[in-house]
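# Analysis of the macromolecular model
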Amino acid sequence: MAEQLLNTQLLEVNIGPQHPSTHGVFRMQATLDGETVVRLKPVMGYLHRNHEQIGEGMSYIASFPFTDRLDYFCAMTNNLGLALAIEQLAGIEVPERAQYIRVILAELTRLVNHTAVTGFLLNDMGAFGTPLLYAFREREKILDLFEEVSGSRMMCNYVRPGGVREDLPQGWLSRVRGLVAGYPQFLDEFEQLLTANEIIRQRTQHVGVLSRELAVSASVTGPMLRATGVDYDIRKVDGYSIYPRFTFKTPLGTIGDVYDRYYVRILEMRESLKMLTQALKEVQETGLFISPKGAAMGKAPRTFRPPKGEAYGRIEAPKGELGFYLVSDGTPQPYRYHIRAPSFINLTVLEDMCLGHKVADVIIILGSVDIVMGEVDR
Amino acid sequence: MSLPAEQVKTAIERAIPGVSLHVEGSLVWVAPGDLTRVCQFLKGAPELQLDYVADLTAIDYPSENRMDVVYHLYSMARKQGPVTLKVKLDRTNPTVASVTPIWRGAEYQEREAYDLYGVKFDGHPDLRRILMWEGFKGHPMRKDYVVEDQDAPEESVA
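Here's a quick rundown of the structure. (Residues numbered from 1 in each chain as written. Chains lettered and ligands numbered in written order. Predicted model: local features only at pLDDT ≥ 70, side-chain atom pairs only at ≥ 80, totals over all residues. Heavy atoms only, no water.)

Residues and elements named next belong to chain A. Taken together, three strands build an open sheet; the order of strands is E6-E7-E8 and the sheet is antiparallel. With one partner strand each, in any of the chains shown, strand E6 (309–317) and strand E8 (336–340) form the two edges of the open sheet. Within this sheet the neighbouring strands show an average axis-to-axis angle of 10 degrees, counted without direction. Bridge count between strand E7 (residues 320–328) and E8: five bridges; the pairing is antiparallel. Residue pairing for E8: Gly 323 is matched across the bridge by Arg 340. In this fold helix H4 (residues 75–90) packs onto E6, E7 and E8, with an angle of close to 150 degrees to the strand it touches most, E6. (Pairing = 2+ DSSP bridges. Helix = DSSP H or I, 4+ residues; strand = E, 2+ residues; numbered from the N terminus. Axes fitted to C-alpha atoms, helices over the stretch in contact; angles between N-to-C directions. Contact = heavy atoms within 4.5 Å.)

Here's what the structure looks like:
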């Protein structure tokens, strides 16, 4: 009876664009019934700079520094994606040693990304500072290694068509070996605090559940897809670079909630460490780091004219499928340069995951999607 | 596992009478009017099961007065692909059926193509600008788009 007397109305709330938990400049237009979300529309584009148009106005190789700024946590994999598309377009070979270097860098990037996103997720949950700083301490060690090879912690601009830009510095591989040997200890420590933690389980289990059918139909990729139990990893499916040589498992979740996404990322880091161990065993200390064709292209980028045609190169970036679609008309600039950004497309299902949950859960669900606005808005 | 374009073409033409396709390298050209039927078949056919639209975008050819829409389709169930579809549209009024009712994943990608290229997707549930702001004039990825004077003060959006 009392309910009928209460006069309630729906409340419109804008979460963001300036909000510490929106991971950049991102806005969610939420309609709330009390604390419960009944409608949620993402609004994006605040960081849009028409990266694709900029890329269509310059030589192929000049786009590499811009790709660093897409997903600025994962510059190495962004470079790799574009390099693969150009190699496919122009038929450039990659020397064996460069392939190993690329795999090492890509898997280190996965560690950086998954470590940081887990830290941020905990921050979103209200565990301010501590887990994030634990994560950032480890991330910084990897960024130091990136800085050694490329000169920059985050804007690496290092992978090139045909190989990588420069040779590895003296003793770098042994420093990576040291890091890889110490990383499982950090993961154990991290997991001891988090995985069985009752508060985390209460906050994340059965929150933001994404069904397998919706995930596939909505083109969701990466850890978010695998958390729903769909076994789809482009490293295995396409077998690009030299990934078929590596033995690794594809960790899968069961119900696709926030907890599964968290745990899939932890397990993926352990698989990455396995791959790194194997790669560091097999990589040669000296040898070619770029093919002659790739090196020539780097020296005279304006003379590089790929044959007419098109290529779609895709990789398993830490956030999902990162694709580069290039159309060449035989001139030094790409006629069409398009980026399929994983976190942009993963946001398609944000509303579906949030409906019926409380406002505080929206923040965690968004954190578990793992978005970077540089990539969403391009 | 890749799917040869010729094989896809044969499968489609056998299943849907009256559809004519044209294969060019690894591309399959589809007439805009046939797109919905072709896509429904590609998703449902048991030997193809292209359940995943990885990439969807447009390409502008002002000199030929045409605009293409490209679809890269993969199958997560059968782990095969890609099948690349292209439709050729008239640039003065580029309109094509939306594939969002078939694949939810096209929702944001079609909105992006609408925003940046001005391609209208019939049947899209929520065709609004996504990256540019409401009230923005023009479609900035078109080849003939003139970038405004960077130093001029921006007009406020009322």
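That covers the picture; the talk isn't over yet.
A word on the environment of Arg 102 of chain A. Residues and elements named next belong to chain A. Secondary-structure assignment places Arg 102 in helix H5 (residues 96–125). Spatially, the C-alpha atom of Arg 102 lies 9.7 Å from that of Tyr 158, the residues being 56 residues apart in sequence. With near-sequence residues (within four places) excluded, Arg 102 lies in contact with Leu 80, Ala 83, Leu 84, Glu 87, Val 94, Val 159, Arg 160, Pro 161, Gly 162, Gly 163 and Val 164. Among the polar contacts made by the side chain of Arg 102, one reaches the main-chain carbonyl oxygen of Arg 160 at a distance of 2.8 Å. (Polar contact = N/O pair within 3.5 Å; in protein donor to acceptor, adjacent residues only side chain to side chain.)

The subject of this paragraph is helix H16 (residues 359–369) of chain A. Residues and elements named next belong to chain A. Burial of H16 is extensive: nine of the 11 residues sit out of reach of the surface. Restricting attention to buried positions, one finds in H16 the residues Asp 361, Val 362, Ile 363, Ile 364, Ile 365, Leu 366, Gly 367, Ser 368 and Val 369. With its phi angle positive at about 70 degrees, Asp 370 sits one or two positions after the end of H16. (Buried < 20%, exposed > 50% of the residue type's maximum accessible area, 1.4 Å probe, protein only.)

With that settled, consider the layout of surface pockets. Regions of empty space are outlined by a rolling probe, equal in size to a water molecule, passed over the atoms. Its boundaries defined by the atoms lining it, the second largest pocket holds a volume of some 980 Å³. Around the second largest pocket, the lining is made up of 47 residues, and of these Gln 88, Glu 310, Ala 311 and Tyr 312 of chain A together with Ser 26 of chain B lie nearest the centre. Looking at the lining of the second largest pocket, the elements that each hand over two or more residues are H4, H5, E6 and E7 of chain A together with strand E2 (27–30), strand E4 (66–75) and strand E5 (80–90) of chain B. Taken together, the residues of the lining of the second largest pocket break down into 20 nonpolar, 15 polar and 12 charged. (1 Å grid on protein atoms, 1.4 Å probe; cavity = no way out; pocket = protein on both sides within 12 Å on 5 of 7 lines; lining within 4 Å. Points joined across faces, edges and corners; volume = space filled by probe spheres on them. Nonpolar A, V, L, I, M, F, W, Y, C, P; charged D, E, K, R; others polar.)

With that out of the way, let us pick up the pairing of strand E3 (residues 36–43) of chain A. Residue and element names in this part refer to chain A. Two elements, strand E2 (residues 27–33) and E3, share seven bridges in a ladder whose sense is antiparallel. The residue of E3 that forms the bridge with Asp 33 is Thr 36. In sequence, E2 turns back onto E3 through a hairpin of two residues, with Gly 34 there showing a positive phi of about 70 degrees.

It is worth spelling out helix H2 (residues 35–44) of chain B at this point. What H2 of chain B keeps buried is the set Leu 35, Val 38, Cys 39, Phe 41 and Leu 42 of chain B. For H2 of chain B, the angular spread of the buried residues around the axis is 160 degrees, confining them to a single face. (Arc of directions from axis to C-beta.)

Another aspect to go through is the side chain of Glu 56 of chain A. Topologically, Glu 56 of chain A is positioned in helix H2 (residues 51–56). Judged by relative accessible area, Glu 56 of chain A falls into the buried class, the value being 11%. Within polar-contact distance, the side chain of Glu 56 of chain A engages the backbone nitrogen of Tyr 337 of chain A at 3.2 Å. Contacts of Glu 56 of chain A, omitting those with residues within four sequence positions, involve Gln 333, Pro 334, Tyr 335, Arg 336 and Tyr 337 of chain A together with Tyr 117, Met 141 and Lys 143 of chain B.

Under the counting rule described, the total for this entry stands at 20 aromatic pairs over all chains. A centroid spacing of 6.2 Å and a plane angle of 70 degrees characterise the contact between Tyr 100 of chain A and Phe 246 of chain A, whose relative ring orientation is edge-to-face. Of the two residues, Tyr 100 of chain A sits in helix H5 while Phe 246 of chain A sits in the loop between helix H11 (234–237) and helix H12 (258–282), which places them 146 residues apart along the sequence. On the basis of relative accessible area, Phe 246 of chain A is assigned to the buried category, the value being 5%. Ring centres of Tyr 52 of chain B and Tyr 74 of chain B lie 6.2 Å apart, and the angle between their planes is 40 degrees; this geometry places the pair in the tilted category. Residue Tyr 52 of chain B is found in strand E3 (residues 52–61), and its partner Tyr 74 of chain B is found in strand E4; the two are separated by 22 residues along the sequence. Note on Tyr 74 of chain B: relative accessible area 4%, which makes it buried. Taken together, Tyr 100, Tyr 240, Tyr 243, Phe 246 and Phe 248 of chain A form an aromatic cluster joined through their ring pairs. For Lys 236 of chain A, the ring lying beneath its charged end belongs to Phe 248 of chain A, and the centroid distance is 4.4 Å. A cation over an aromatic ring shows up here: Arg 378 of chain A above the ring of Phe 344 of chain A, its NZ or CZ 4.7 Å from the ring centre. (Phe/Tyr/Trp six-rings, centres within 6.5 Å; stacked < 30°, edge-to-face > 60°. Lys NZ or Arg CZ within 6 Å of the ring centre and 35° of its normal.)

It is worth spelling out unusual backbone geometry at this point. One non-glycine residue with positive phi stands out, namely Asp 370 of chain A, at about 70 degrees. Looking at the secondary structure, you find Asp 370 of chain A in the loop between H16 and helix H17 (373–377). Residue classification places Asp 370 of chain A among the buried residues on the basis of a relative accessible area of 6%. Of note, the phi angle at Gln 49 of chain B is positive, near 45 degrees, even though the residue is not glycine. Along the chain, Gln 49 of chain B falls in the loop between H2 and E3.

What follows is about the interface of chain B and chain A. One frequently used descriptor of interface size is the decrease in accessible area upon assembly of the parts. Contacts between chain B and chain A engage 41 residues on the former and 39 residues on the latter. Linking chain B with chain A are 21 residue pairs in polar contact (both at pLDDT 80 or more), by the criterion used here. Mapped onto the side of chain B that touches chain A, the elements with two or more residues apiece are E3, E4, E5 and helix H3 (106–117) of chain B. The greatest single-element share of the side of chain B that touches chain A, amounting to 10 residues, is contributed by E3 of chain B.

Let us look at the state of the cysteines. Under the counting rule described, the total for this entry stands at zero disulfides over all chains. Distance from the sulfur of Cys 156 of chain A, which forms no disulfide, to the nearest cysteine sulfur (Cys 74 of chain A) is 10 Å. (Disulfide = S-S within 2.5 Å.)

Turning our eyes to something else, we now look at the environment of Phe 324 of chain A. All names here are of chain A. Tracing the backbone shows Phe 324 in strand E7. The buried category is assigned to Phe 324, whose relative accessible area is 0%. Remark: the alpha-carbon pair of Phe 324 and Leu 40, spanning 284 residues in sequence, is separated by 30 Å. Those residues in contact with Phe 324 that sit more than four places away from it in its chain are Thr 67, Leu 70, Asn 78, Gly 81, Leu 82, Ala 85, Ala 311, Tyr 312, Gly 313, Tyr 337, His 338 and Ile 339.

Once that is clear, we can look at the nonpolar core. Grouped together as the largest cluster of nonpolar side chains are 169 residues, with contacts concentrated most on Tyr 71 and Leu 85 of chain B. Here the element with the most residues in this core is H5 of chain A; it accounts for 12 residues. For Tyr 71 of chain B, the contacting residues outside a window of four places in its chain are Leu 35, Asp 55, Leu 56, Val 83, Thr 84, Leu 85, Val 87, Val 96, Ala 97, Val 99 and Phe 121 of chain B. (Core = buried A, V, L, I, M, F, W, Y, C linked by side-chain atoms within 4.5 Å.)

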